[in-house]
Amino acid sequence: MSAVKDQHSLRGESTENSASREKILLDLLGKASDFYEYTVGILSSIFELTEFVSRGSPERDFYAYVTTVLIKESRCENASIFMVEGADVVLRAASGILTMDANEQVSMPLGEGVAGTCALEGKTILVSDVGGCEFFKKIDSTKVLIGSMLCVPIKEGDRTLGVMNLSHSQKSFFNIHYVRVFELLGLLIGQMLTLVQLYELFQRKNTDLSVLLKEKDKSLRSVTERYKAVVDASEEMIFVLDSPGNILFLNKALQGLFPRTPVTVFELFDEASASRILERASRIGAGESIEFDMNVDAGIKDGIIGQFFIKRIDKDQVLVMMRDITARRRMEQKTMQTEKLTSLGLLTSGIAHELNNKLTPILGFADLIESSSLSLHDQKRLSVIINSASAAKGIVESLLKFSRNKPPEKNVFDMREVIRRTITLYTPIIKKRGITIFHEDPDEALFIRADMNCMEQVLVNFMNNSIDAIDEDEGSIWVRSFLRDSYVHVTIEDTGPGIPDGIITKIFDPFFTTKPKDKGTGLGLSICYGIINDHKGEICLENTRHGAMASMKIPYVMNIEMDQIGVCAEESMTEAVEEGRQERFIIMVVEDEEDLLELMVDTLSPYYTVVTFENGRHACDHLDEYGWELIISDLRMPVMNGMELYREAIMRNPDLKKRFMFITGDTYDSQVKEFLEDTGVAYLKKPFRIKELKDIVRKHLQHRMVSE
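Anyway, here's the lowdown on the structure attached to this text. The model shown is predicted, which means the values in this text are computed figures rather than measured ones.

A word on the packing of aromatic side chains
Consideration 1: Under the criterion given, the structure shown has 14 aromatic pairs.
Consideration 2: Summarising the aromatic geometry, the rings of Phe 239 and Phe 269 are spaced 6.0 Å apart at their centres and angled 55° between planes, so their arrangement reads as tilted. Note that Phe 239 is positioned in strand 7 (residues 237–242) and Phe 269 in the loop between helix 6 (265–268) and helix 7 (271–282), a separation of 30 residues in sequence.
Consideration 3: Ring-pair connections join several aromatic residues into one group, and the members of that group are Phe 239, Phe 269, Phe 292 and Phe 308.

Some points on the sheet that holds strand 8 (residues 247–250)
Consideration 1: Across the sheet, which stays open at both edges, the 5 strands sit in the order 8-7-11-10-9 with antiparallel pairing between neighbours. Of all the strands in the sheet, just strand 8 and strand 9 (289–298) have a single pairing partner and so form its edges. Each strand axis lies, on average, 25° off the axis of its neighbour in the sheet, ignoring direction.
Consideration 2: For strand 10 (residues 301–314) and strand 11 (residues 317–324), the ladder comprises 8 bridges, and the chain directions are antiparallel. Residue Asp 314 lies in a different strand from strand 11, and its bridge partner there is Gln 317.
Consideration 3: Where helix 7 meets the sheet, it contacts strand 7, strand 9, strand 10 and strand 11, and its direction lies at approximately 170° from that of strand 9.

Overview of the pairing of strand 6 (residues 159–168)
Consideration 1: Across the 10 residues that make up strand 6, a large majority, 9, are buried.
Consideration 2: Across 6 bridges, the pairing between strand 1 (residues 78–85) and strand 6 is antiparallel. Each bridged residue has a counterpart across the sheet, and for Ser 80 the counterpart in strand 6 is Asn 165.
Consideration 3: As defined by bridge partners, strand 5 (residues 148–156) adjoins strand 6 across 9 bridges and the pair is classed as antiparallel. Along strand 6, the bridge assignment pairs Pro 153 with Val 163.
Consideration 4: Connecting the antiparallel pair strand 5 and strand 6 is a turn made up of 2 residues, with Gly 157 showing a positive phi of about 70°.

Parameters at a glance
- Residues numbered from 1 in each chain as written.
- Predicted model: local features only at pLDDT ≥ 70, side-chain atom pairs only at ≥ 80, totals over all residues.
- Heavy atoms only, no water.
- Phe/Tyr/Trp six-rings, centres within 6.5 Å; stacked < 30°, edge-to-face > 60°.
- Helix = DSSP H or I, 4+ residues; strand = E, 2+ residues; numbered from the N terminus.
- Pairing = 2+ DSSP bridges.
- Axes fitted to C-alpha atoms, helices over the stretch in contact; angles between N-to-C directions.
- Contact = heavy atoms within 4.5 Å.
- Buried < 20%, exposed > 50% of the residue type's maximum accessible area, 1.4 Å probe, protein only.

The quantities given are spatial measurements derived from coordinates; they are silent on function.
Below you can see the structure in the form of structure tokens.
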């Protein structure tokens with residue numbers, strides 16, 4: 001019985017153990033089946049996410065899609081995505097048994113809560129019971145019941161981008177077997193997120209690039225249109241050539257010179273100029289440029305001075321820009337001529353001043369010679385001396401006016417009279433040389449407002465040049481004058497050889513001459529140029545079929561009243577000294593030129609007591625020696641000049657202010673001119689005639705006697 005009982009007992013135990021093992025196996029099989037289904041679901045989720053990413057959906061939709069797939073393909077009740085932003089993790093998407101939209105206001109600092117801790121540490125956190133989790137942070141606004149949690153980091157390499165947060169209302173729902181699967185999913189989601197971000201960035205950049213390209217294209221079209229408008233509006237002539245010389249583009253400035261559009265560079269310019277342009281262009285490499293000036297004929301314009309700029313813009317193309325600098329070059333030549341004349345003026349003023357000092361005693365002593373005691377032959381010689389010195393005086397005075405840039409003493413006169421006088425002067429000379437003058441004298445008066453001496457000087461220079469050009473040969477000179485376009489024109493043409501082309505642009509340069517050294521200085525035409533320019537006229541020399549022709553034109557003066565016309569007349573000088581006056585006036589004469597000092601003593605000593613001094617300092621030391629009736633002083637002297645003497649004298653004796661008179665050959669000097677205008681002191685210009693000196697002394701003494 002006992003044995004039977006034991007058998008029954010063992011059988012019962014065996015049955016119980018078998019049932020227990022079966023239960024365990026079934027439980028394991030169930031868990032394995034659940035894990036398999038879960039794993040299949042996760043793999044399905046991965047496939048769906050891959051498809052989503054391949055469609056290039058935006059990043060925002062990707063988060064929502066991940067949570068939706070997790071709820072659908074896994075058995076968790078809630079899924080959410082938190083992304084790291086700075087020092088926080090922010091909710092980006094949430095899905096679950098309660099449909100909801102992600103509240104982006106939900107966030108927590110890194111290191112706080114399950115999501116914040118997972119993001120900070122970059123490690124998966126499994127919470128079987130949230131009630132026992134020390135860092136679980138309940139969000140008051142959530143309506144989700146949470147029993148257990150699985151928080152997996154979303155990674156891209158070693159960098160944690162965010163966390164994938166899974167929850168279930170049941171405690172201990174998640175176990176260690178799901179951790180590996182979800183960690184793998186977290187890594188895959190991280191890679192996919194990177195792809196989504198890259199795709200979105202590329203799409204955004206592509207969109208921005210498309211917009212930018214459209215804007216650039218629009219801008220380029222606008223710039224091209226503006227550029228073409230600017231190029232067409234430019235006064236410069238612009239065109240593009242290929243290597244053979246075909247025109248690929250030309251602007252309106254160049255097109256306007258031709259009745260029809262030129263096709264090649266040989267249709268643009270004369271053959272020589274076109275060949276030179278192509279030759280120059282062939283020598284420059286890519287990006288290089290060259291500049292040069294060249295005279296060209298282009299279309300309806302001949303004789304253009306062109307400033308060319310050529311730049312290679314392509315292997316077979318060059319850009320050519322041509323600026324018409326004809327007017328500028330002519331202006332530069334005029335400016336250069338003016339500058340040369342200014343420099344010449346500084347040189348000649350000093351020479352003219354010294355010549356005046358030498359001419360004054362020549363004229364003065366010639367006047368003092370008693371001609372009645374001379375033989376008829378000597379009287380003629382004396383007359384030649386006086387006339388030559390007088391002519392030299394006029395020339396030097398004109399030279400001083402020119403060099404000091406002082407407006408000439410202009411009067412209204414008939415230019416025909418000056419021409420007739422000049423021809424009369426030259427008639428005896430040219431007859432001996434076998435030259436014939438043809439004078440075309442108009443009937444109408446040719447009134448101009450000018451300095452007569454200056455006009456005579458220009459005509460004399462023209463005549464001299466014509467005579468020198470004909471040289472020893474027989475020839476003819478034509479002198480013509482006429483009124484045209486409100487200008488009085490005067491031309492002198494000769495039958496000489498003409499002007500060589502190589503020097504025609506230099507003929508007005510100072511000191512330039514083709515004559516031998518003993519026949520010309522090169523100053524004549526330069527002075528003429530300055531005179532005519534000062535009279536607002538024009539002067540030129542050109543070749544003709546006979547030889548060469550010099551021309552000038554001066555503005556014509558209309559509506560002339562007879563009292564406006566200058567008349568050469570000498571004023572009769574009244575005697576300044578009372579008849580019967582017995583005492584002689586005492587006059588001080590201060591002059592450093594010995595010959596001039598002797599002349600004034602010879603001229604004045606018959607009538608006055610003359611005391612002389614060689615400089616201002618010597619004279620100043622003797623101011624108190626006599627009661628001087630008149631002090632005649634030169635302005636330019638060594639030691640102390642006349643201006644310093646005047647200031648010192650009137651400072652010591654103000655009454656001497658009205659007893660001064662100056663003699664000077666430099667009245668065009670700015671300092672002298674200002675001094676004479678400020679003081680109002682009488683003066684006599686060198687060189688002077690004896691009669692002029694006597695008259696001004698008499699008038700000065702008479703005026704003072706009457707006023708006192």
